[in-house]
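Chain by chain, the residues run as shown.
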Number of protein chains: 2
Amino acid sequence: MIIRKNRSKNGKKYRTPDGVPADIVMFTLTKRERKTVTKTLPIRELKVMLIRRRSWPYAGMWALPGGFCRENESIYDAAKRELKEETGVDGGHLEYLGVYSAPGRDPRGWIISNAFYALVEEWMLEHRQAADDAEEVGLFTIQEALEKLELAFDHRDIIMDAYRKIQHQMLQTTIAKQFLPEHFTLSELYQVIQTVVPEFKEPNFIRKITSTRSRRGILEEARDENGKPLSSNQYSQRPAQLYRFTDHIPLLSIYT
Amino acid sequence: MIIRKNRSKNGKKYRTPDGVPADIVMFTLTKRERKTVTKTLPIRELKVMLIRRRSWPYAGMWALPGGFCRENESIYDAAKRELKEETGVDGGHLEYLGVYSAPGRDPRGWIISNAFYALVEEWMLEHRQAADDAEEVGLFTIQEALEKLELAFDHRDIIMDAYRKIQHQMLQTTIAKQFLPEHFTLSELYQVIQTVVPEFKEPNFIRKITSTRSRRGILEEARDENGKPLSSNQYSQRPAQLYRFTDHIPLLSIYT
DNA sequence: TAAATAGTGTCTCTTAGACATTATGGT
DNA sequence: ACCATAATGTCTAAGAGACACTATTTA
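Bear in mind that the values here come from a model prediction, so they are computed numbers and not experimental data.

Trainee: How should I be thinking about the relation of the copies chain B and chain A in this particular structure?
Mentor: Mapping between the two chain copies consists of a rotation about an axis together with a translation along that axis. Mapping chain B onto chain A calls for a screw motion: a turn of 180° about the axis and a shift of 0.0 Å along it, with 0.0 Å RMSD after fitting. Here the transformation between the copies is reduced to the relation of a two-fold axis. A share of 100% of interface residues in chain B that are also interface residues in chain A marks the association as one of identical surfaces.

Pasting the structure below:
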């Protein structure tokens, strides 16, 4: 390991970091049809994408996709680039998570990782076999990733933090839209929320979302060009009204 | 500027960063007594602490306190250390804000800054003249800092982001406690919230905070050892009940 | 007693929450 | 006709929001 030093204003020499990578916790919601006699919602599962490391350190273990930031790009750009290079995903929702800098977290040296999380739709992963040359990639449920796999570096911590953050965001923002088509039924929305936050229970969900003043504005009914309400019976016998997110996100306060 | 290079797994050489500092947006709430004939709440103002740079780059301009992370500490530790070294503050609330990595943001080289924000009480700043040797420090309102001062680096962006985040947190978490004594009146709490988030208006604040089920639990009445309610007439003629924060923070959702 | 802030009464309209009921279309 | 899911009806208790009113202390 080469130790590089930098000179500070008071003349002391300090080592500089050996690299600042961006690591990406890439979530997707898989959709699997249920074999039932009648139409029904598909089974959805939250999955995280991991890559099996081929070289030292942690060779053979699963790790987050990522790579070093270059001098002429921001860390966000690096994350976007690595997401594309390593998983073939170009697009989707990419957001900053946090910095991971505990001394000794990377045996290669002093490496300060910036973590991101990405939310992508399942179809964006279709070409991942082509995109990654010889990298073994896998989709795992959060439970598998956290409990069954041995993960490289501090990536277990990062995944836990990302999972907590996405749960939080699912309830407080409209990121659910990242996992839904432009138009969706309220049952679909409810299922997406519950898939990410299993504790979420709201018996009167449909009514509350459609008929209370404080929630008016986060969704609107989907309509065709003539203003006629759009509905779908893809997942049910009786057609369900389709909705879309507006760009309004209500502000919440614990005091009001 | 010395360009340092690192060798990646495929043999290419990459430059490594010249430093990863922690910069701190230090907020405090100043309290100034009003000269009135009767007792009244003091005037509170949200202030941010800045340091005047003495050397290149941006010599003479105001900047956030901060400094380079060392190899045997985490970035959080670096922030804590710099907060103490540069402002004399040891304690208070220190939380991560984000990473600032736009190419060219620092003329000294490739420098990726991690920003924190700190909330400290006014008395913690009393010894700052002693703590900083010859550094000129100043406390400014957000408006002064953002509109009147020329700030070094991208520190204006950082302060704006920190301000937005503290406003958000003030409404969604109980960080108000960082600006209040252990026991406080509801008027004080209301004033603190409004000082940080001027848009916050809640005519029935006292009633809502004390008598609605969903808010029960974030505050509790302060009582002495005999269980008798504590009150204070420090800021008013009629004594006001004192409250304290519990450690409960309610979870909010835009859907419920 | 006047002033100032703390805190409660009261009224109306909306919402929460729980269940029951009706609606729609496919098998 | 039956089933599954969509959507509405209904009822009670709680909360929002506005405003008036009472309470407690000091000058």
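There's more to say after this.
Trainee: For this particular structure, what's the right way to read the packing of helix α4 (residues 155–172) of chain A against helix α5 (residues 186–196) of chain A?
Mentor: For any two helices packed against each other, one specifies the crossing angle of their axes together with the interaxial distance. All names here are of chain A. Relative to each other, α4 and α5 sit at 150°, their axes nearing to 9 Å. Taken together, the axes of α4 and α5 lie roughly antiparallel to each other. Judged by the sense of rotation from one axis to the other, the crossing of α4 with α5 is left-handed. In this structure, α4 contributes Tyr163, Ile166, Gln167, Met170 and Leu171 to the contact, and α5 contributes Val192, Ile193 and Val196. Taken together, the residues that form the contact of α4 with α5 break down as seven nonpolar, one polar and no charged.

Trainee: Explain the pairing of strand β13 (residues 240–245) of chain B to me, please; I cannot follow it from the model alone.
Mentor: Residues and elements named next belong to chain B. Examined bridge by bridge, strand β10 (residues 184–185) and β13 share two bridges and lie antiparallel to one another. Its bridge partner lying in β13, Thr185 is registered against Leu242. Of the strand pairs in this sheet, strand β11 (residues 219–221) and β13 are connected by three bridges, and their pairing is antiparallel. Across the sheet, Glu220 pairs through a bridge with Arg244, a residue of β13. Pairing between strand β12 (residues 231–232) and β13: two bridges, direction antiparallel. Directly across from Ser232, in β13, lies its bridge partner Ala240.

Trainee: Looking at this structure, I do not really get the protein's contact with DNA strand D. What am I missing?
Mentor: The environment of DNA strand D is formed by 22 residues, the closest being A:Ser187, A:Arg207, A:Arg238, A:Gln241 and B:Arg213. Put simply, 62% of the atoms of DNA strand D that lie within 4 Å of the protein are in sugar or phosphate. A distance of 2.5 Å separates a phosphate oxygen of DNA strand D from a polar atom in the side chain of A:Ser187. Between DNA strand D and B:Arg207 there is a distance of 3.2 Å, counted from a base nitrogen to a side-chain nitrogen or oxygen. Those elements giving two or more residues to the surface near DNA strand D turn out to be β13 (240–245) of chain A together with α6 (205–211) of chain B. Residues that form the surface near DNA strand D fall into these classes: five nonpolar, 10 polar and seven charged.

Trainee: Explanation requested: the nonpolar core in the structure shown.
Mentor: Among soluble globular proteins, nonpolar side chains are generally buried collectively. Core analysis: the biggest nonpolar cluster contains 93 residues, and A:Phe27, A:Tyr255, B:Phe27 and B:Tyr255 have the highest contact counts within it. Grouped together as the second largest cluster of nonpolar side chains are 42 residues, A:Cys69, A:Leu125, B:Val20 and B:Ala79 included.

Trainee: Looking at this model, I keep getting lost on the interface of chain B and chain A. Mind explaining?
Mentor: Bring the parts together and some accessible area is lost; that lost area is often taken as the interface size. Chain B puts 50 residues into the contact, and the matching count from chain A is 50 residues. Taken over both partners, the interface formed by chain B and chain A buries close to 4300 Å², and the fraction arising from carbon and sulfur atoms is 61%. Of all residues in chain B, the largest losses of buried area upon contact with chain A belong to B:Glu71, B:Ile254 and B:Tyr255, amounting jointly to 21% of the total for that side. The interface formed by chain B and chain A contains two salt bridges. The interface formed by chain B and chain A contains 10 residue pairs in polar contact (both at pLDDT 80 or more). Across the side of chain B that touches chain A, the residue classes tally to 25 nonpolar, 13 polar and 12 charged.

Definitions and cut-offs
- Residues numbered from 1 in each chain as written.
- Chains lettered and ligands numbered in written order.
- Predicted model: local features only at pLDDT ≥ 70, side-chain atom pairs only at ≥ 80, totals over all residues.
- Heavy atoms only, no water.
- Least-squares fit on C-alpha atoms with pLDDT ≥ 70 in both.
- Contact = heavy atoms within 4.5 Å.
- Axes fitted to C-alpha atoms, helices over the stretch in contact; angles between N-to-C directions.
- Helix = DSSP H or I, 4+ residues; strand = E, 2+ residues; numbered from the N terminus.
- Parallel < 35°, antiparallel > 145°, perpendicular 65-115°, else oblique.
- Left-handed = near helix turned anticlockwise from the far one by under 90°.
- Nonpolar A, V, L, I, M, F, W, Y, C, P; charged D, E, K, R; others polar.
- Pairing = 2+ DSSP bridges.
- Near = heavy atom within 4 Å.
- Polar contact = N/O pair within 3.5 Å; in protein donor to acceptor, adjacent residues only side chain to side chain.
- Core = buried A, V, L, I, M, F, W, Y, C linked by side-chain atoms within 4.5 Å.
- Buried < 20%, exposed > 50% of the residue type's maximum accessible area, 1.4 Å probe, protein only.
- Buried area = accessible area lost by both parts, 1.4 Å probe.
- Salt bridge = Lys/Arg side-chain N within 4 Å of Asp/Glu carboxyl O.

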